[in-house]
Amino acid sequence: MHVGFIGLGAMGRAMAGRLVAAGHQVTVWNRSPEPVAELVKQGARPADGIAEVLRSDVVVSMLANDAAVESLLLDEDALAAATTDLHVNMATISPALAKRAAELHGKHGIGYVAAPVLGRPEAAAGGNLNILAAGSDALLDRAAPLFDAMGRHTYRLGEQPQLANVAKVSANFMLFSAVEAFAEAATLAEASGLAPADLLEVLTGSIFPGPIYSGYGSMIVAGRYEPAAFKLALALKDVNLALDTAADAKVPLPLGSLLRDALLESIAHGDGERDGAAIAETARRHANLTERRS
């Protein structure tokens, strides 16, 4: 399949690489040239611009936020000139924008599928993402070979594309709530004389097995927040998406407000470009912990 891929950040680069490895003809575009050069070495073809990507059989995009999607992919003239008939948007964006994007694509005769993912860049590189997909069955069937190359499981969540983004926003809200919960628990343990590493071993070996606590917990215990696989500033973006979605649905989200403030404080202290696990340093500052006990 001829696939056009837009957005080669840490996640997009790995996902596009999986498509190349699966034998698809992949044309790539990114604002900065370095990731494009890396994909070309793997067998991809560089695009002269977004207009060229929009002439692919299927367009896959993995951009950072609503603003990037709005400016690059929701341009009326660009969509009118596009010859592709399917856009698979895998970015984490607001459900409201996903709904508008689907309507705008439909106006120009282009199918639209929302398919945000769960997983960090290492999961993307290994083809182990969980893909949250929504759109018509026909479009999801057409995109299925691409999903199979990039992920280990695809969840079909209905015909309305924005439902996939509701699932993703909800999942990330829960994820970072869990990270904050462990950060506070680890701070409590450390301040009380218990090594956070011992607490982590107890929790992951008993009531909280799984990648969230073991992965983020290990980073928190070690104070290791770089390199950032998922930047703390992006975590704030996702929590704000959850709060905005909740406001639209008239759903109180009190934990979301607390989490937003903790992330804002972390960014104010210069942690925005570090991994999201760095939110733990806010809890440690509140407890006046200056020396780390592992």
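Definitions and limits used
- Residues numbered from 1 in each chain as written.
- Predicted model: local features only at pLDDT ≥ 70, side-chain atom pairs only at ≥ 80, totals over all residues.
- Heavy atoms only, no water.
- UniProt positions renumbered as here; feature names shortened; annotations may be inferred.
- Helix = DSSP H or I, 4+ residues; strand = E, 2+ residues; numbered from the N terminus.
- Expected span 1.5 Å × (residues − 1).
- Buried < 20%, exposed > 50% of the residue type's maximum accessible area, 1.4 Å probe, protein only.
- Contact = heavy atoms within 4.5 Å.
- Axes fitted to C-alpha atoms, helices over the stretch in contact; angles between N-to-C directions.
- Parallel < 35°, antiparallel > 145°, perpendicular 65-115°, else oblique.
- Nonpolar A, V, L, I, M, F, W, Y, C, P; charged D, E, K, R; others polar.
- Polar contact = N/O pair within 3.5 Å; in protein donor to acceptor, adjacent residues only side chain to side chain.
- Patch = residues over 30% accessible without salt bridge, like charges linked within 9 Å, V, L, I, M, F, W, Y side chains within 5 Å.
- Areas by Shrake-Rupley, 256 points an atom, 1.4 Å probe, with all protein chains shown as cover.
- Salt bridge = Lys/Arg side-chain N within 4 Å of Asp/Glu carboxyl O.
- Arc of directions from axis to C-beta.
- Domains from an automatic or database assignment.
- Buried area = accessible area lost by both parts, 1.4 Å probe.

With an unreviewed UniProt entry as reference, the chain is termed NAD(P)-dependent oxidoreductase, source organism Kitasatospora acidiphila. The Sequence similarities (unreviewed entry) comment attached to the chain in UniProt states, word for word, "Belongs to the HIBADH-related family."

Thoughts on the UniProt feature "domain: 6-phosphogluconate dehydrogenase NADP-binding" (unreviewed entry) in the chain
The sites that UniProt annotates as "domain: 6-phosphogluconate dehydrogenase NADP-binding" (unreviewed entry) are residues 3-155. Strand forms 23% of residues 3-155 and helix 47%; the C-alpha atoms that close the span are 21 Å apart.

A look at helix α6 (residues 95-107)
Its 13 residues give α6 an end-to-end C-alpha distance of 19 Å, which sits within 8% of 18 Å, the value for a rise of 1.5 Å per residue. All of the buried residues along α6 are Pro95, Leu97, Ala98, Ala101, Ala102, Leu104 and His105. Contacts from the buried residues of α6 go to α4 (66-73), α5 (76-81), β5 (86-89), β6 (111-114), α9 (162-191) and α12 (232-248). Remark: Gly109 follows α6 within two positions and exhibits a positive phi of approximately 75°.

Describing the packing of helix α10 (residues 196-204) against helix α11 (residues 211-222)
Where α10 meets α11, the axes come as close as 10 Å, and the angle between the chain directions of the two elements is 175°. In terms of their interaxial angle, α10 and α11 are classed as roughly antiparallel. Contact residues: Pro196, Ala197, Leu200 and Thr204 in α10; Tyr213, Ser214, Gly217, Ser218 and Val221 in α11. Class assignment for the residues of the contact of α10 with α11 results in 5 nonpolar, 4 polar and no charged.

Focus: the side chain of His87
Its place among the elements puts His87 in strand β5. For His87, a relative accessible area of 4% gives the class buried. At 2.7 Å, the side chain of His87 forms a polar contact with the side chain of Ser61. Here the side chain of His87 touches His105 through a polar contact of 2.9 Å, side chain to side chain. Beyond its immediate chain neighbours, meaning those up to four positions away, His87 contacts Val59, Ser61, Leu73, His105, Ile110, Gly111, Tyr112 and Val113.

Points about a nonpolar patch on the surface
Taken together, Tyr155, Leu157, Leu163 and Val166 make up a surface patch of nonpolar side chains, about 290 Å² in accessible area. Mapped onto the elements, Tyr155 comes out in strand β9 (residues 151-156).

Comments concerning helix α2 (residues 33-42)
Those residues of α2 that fall on the buried side of the exposure criterion are Pro35, Val36 and Leu39. The buried residues of α2 occupy an angular sector of 100° when the element is viewed end-on, so they sit on one face. For α2, exposure combined with an orientation more than 90 degrees from the buried face picks out Pro33, Glu34 and Lys41. Buried residues along α2 sit against α1 (10-21), β2 (25-29) and β3 (45-46).

Structural notes on the domain arrangement of the chain
Accessible area lost on assembly of the parts is the figure often given for the size of an interface. With domains assigned, the chain is organised as domain 1 (2-159) and domain 2 (166-286). Put simply, the middle of domain 1 and the middle of domain 2, counted by C-alpha atoms, are 28 Å apart. Listed as interface residues are 15 residues of domain 1 and, on the opposing side, 16 residues of domain 2. By the criterion of area lost to domain 2, the three top residues of domain 1 are Thr92, Pro95 and Arg120, representing 50% of everything that side buries. For the pair domain 1 and domain 2, the number of links is 1 salt bridge. In this structure, Asp275 engages Arg120 in a salt bridge whose closest nitrogen and oxygen atoms are separated by 2.8 Å. At the boundary of domain 1 with domain 2, the tally comes to 5 residue pairs in polar contact (both at pLDDT 80 or more). Taken together, the residues that form the side of domain 1 that touches domain 2 break down as 9 nonpolar, 3 polar and 3 charged.

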